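Single-letter residue listing:
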Amino acid sequence: MMFLGTRNILIFLFLAVLVFLALIFIGDYREIIAHLSNVKITTLFLLIIFSLGNYVVRFVKWQFFLNLLKIHVKLSDSFLIFITGLSMALTPAKIGDTIKSYLLHKMQSINVRITLPIIFSERLTDLFGLTFLSLIGLSSLFMNLNFLIVILILLVVGMLLVRNERIFYFFIKLISKVKFAKKYFGDVSLFHTSLKKLLSVKPMAVSIVLSSISWALEGIALYFLINSLGFAVPLLSIIFIYSFSSIAGALAFIPGGLGVTEGSLLSLLVFIGLPLSVASLSTIIIRLTTLWFGVTIGLIGLFAISGKIKTRNLSSH
């Protein structure tokens, strides 16, 4: 499969099972089983709905970026390319998300230098959105509105920094390490032109808002899960915990943030007073209904689009 080998997927699955077993062991499997009986099918369905909401909003952002660069792609193809990218959570820091640029090139001959900045902008605005949510949640914990001023300052400074030439070329160096992308960076002018459009103030503001909404939905899912288990925890506290843990996992450069995200979720949930067994069970369920649900959808998309490309290649000969 493109970008992902079957061997790598199996290794990742094995490591994920080890992480979940560790969580079960830490939380005491007998207590976890007891709490699991309180989790209703309707609750799991609700969590899936929130995850789907996350993907829908992120797809809107993907389309927003495509339209901004005047890239016209059939909506069904665009959606298939987008969901294929969900499988790239199995790559460090989601660097494999560049497969979306590769697919646009393969399916519609769109220059990779034009579309790779979209991938960078997606990841960057996700980071901004998660940081925004983390700081909002943190301000609720300390009941200090000065955090809101700090949030605005950090966002403005961050937006100015990413427009810096040195940071731009650092990213070029980083992204060019991806195997298929190496040959596309002889001339970076197209890349730079696209990036400047995407990182202008209005597009950045819109995309950060969309990112904040999308990731807040998964935080809200965790909130409903914990409350369904009989523990009343403030929504903004859960938003902080989920967002901060997601950032920690992303910055760890480990595929899917495996181990780091789970460890952060578990530790912070225990810190705010949840029993270890409830924190462990909540971590397992939310990761299954967010990360692993998305990866499953992404792998289905990957198989579907691989078949579509093969069919087009055969019909062109």
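Just so it is clear, the model here is predicted, and its values are computed rather than measured.

The helix and strand inventory of the protein chain stands at 13 helices and 0 strands. Secondary structure elements of the protein chain, listed N to C terminal, follow the sequence α-α-α-α-α-α-α-α-α-α-α-α-α. In the protein chain, which comprises 317 residues, the proportion classed as buried is 52%. Put simply, of all contacts in the protein chain between residues at least 6 apart along the chain, 76% involve residues at least 24 apart. For the protein chain, the exposed surface amounts to about 15200 Å²; the carbon and sulfur share of it is 72%.

Let us look at the environment of leucine 23. As for its position among the elements, leucine 23 is in helix α1 (residues 6-27). Judged by its relative accessible area of 5%, leucine 23 falls in the buried class. Measuring from C-alpha to C-alpha, the distance between leucine 23 and leucine 281 comes to 7.8 Å, with 258 residues separating the pair along the chain.

Looking at where glutamate 122 falls in the secondary structure, it is placed in helix α6 (residues 112-142). Residue classification places glutamate 122 among the buried residues on the basis of a relative accessible area of 3%. Sequence-distant contacts of glutamate 122, that is, excluding residues within four places in its chain, are made with Lys61, Trp62, Phe65, Phe82, Asp97 and Lys100.

Now for the nonpolar core. The biggest cluster of nonpolar side chains holds 86 residues, and the ones touching the most others in it are Trp62, Ile118, Leu222 and Trp292. The element that contributes the greatest number of residues to this core is helix α13 (residues 276-316), accounting for 14 residues. Ignoring anything within four residues of it in the chain, the contact list for tryptophan 292 reads Phe12, Leu13, Ala16, Phe20, Leu90 and Arg287.

Summed over the entire model, instances satisfying the criterion amount to 7 salt bridges. For the salt bridge of aspartate 97 with lysine 100, the shortest nitrogen-to-oxygen distance reads 3.4 Å. For glutamate 262, the salt bridge goes to arginine 287, with nearest N and O atoms at 2.9 Å. Here glutamate 262, found in helix α12 (residues 260-271), pairs with arginine 287, found in helix α13; they are 25 residues apart in sequence, far enough to count as distant. Several salt bridges share partner residues, and in doing so they unite Lys61, Asp97, Lys100, Glu122, Arg123 and Asp126 into one network.

A few words now on the side chain of serine 78. Along the chain, the position of serine 78 falls in helix α4 (residues 75-85). Apart from the residues within four sequence positions on either side, serine 78 is in contact with Phe59, Trp62, Gln63, Leu66 and Val73.

Right, let's talk about the side chain of serine 121 for a bit. Summarising the element assignment, serine 121 is placed in helix α6. In this structure serine 121 comes out as buried when scored by relative accessible area, which is 1%. When residues no more than four places from it in sequence are discounted, the contact partners of serine 121 are Phe65, Leu195, Leu198 and Leu199.

Let us look at helix α11 (residues 235-251). For α11, spanning 17 residues, the distance from its first C-alpha to its last is 24 Å, which sits close to the expected 24 Å at 1.5 Å a residue. Of all the positions in α11, only Ser237, Ile238, Ile239, Phe240, Ile241, Tyr242, Ser243, Ser245, Ser246, Ile247 and Gly249 are classed as buried. Following α11 by one or two positions, phenylalanine 253 adopts a phi angle in the positive range, close to 55°.

Conventions used here
Residues numbered from 1 in each chain as written. Predicted model: local features only at pLDDT ≥ 70, side-chain atom pairs only at ≥ 80, totals over all residues. Heavy atoms only, no water. Helix = DSSP H or I, 4+ residues; strand = E, 2+ residues; numbered from the N terminus. Buried < 20%, exposed > 50% of the residue type's maximum accessible area, 1.4 Å probe, protein only. Contact = heavy atoms within 4.5 Å. Areas by Shrake-Rupley, 256 points an atom, 1.4 Å probe, with all protein chains shown as cover. Core = buried A, V, L, I, M, F, W, Y, C linked by side-chain atoms within 4.5 Å. Salt bridge = Lys/Arg side-chain N within 4 Å of Asp/Glu carboxyl O. Expected span 1.5 Å × (residues − 1).

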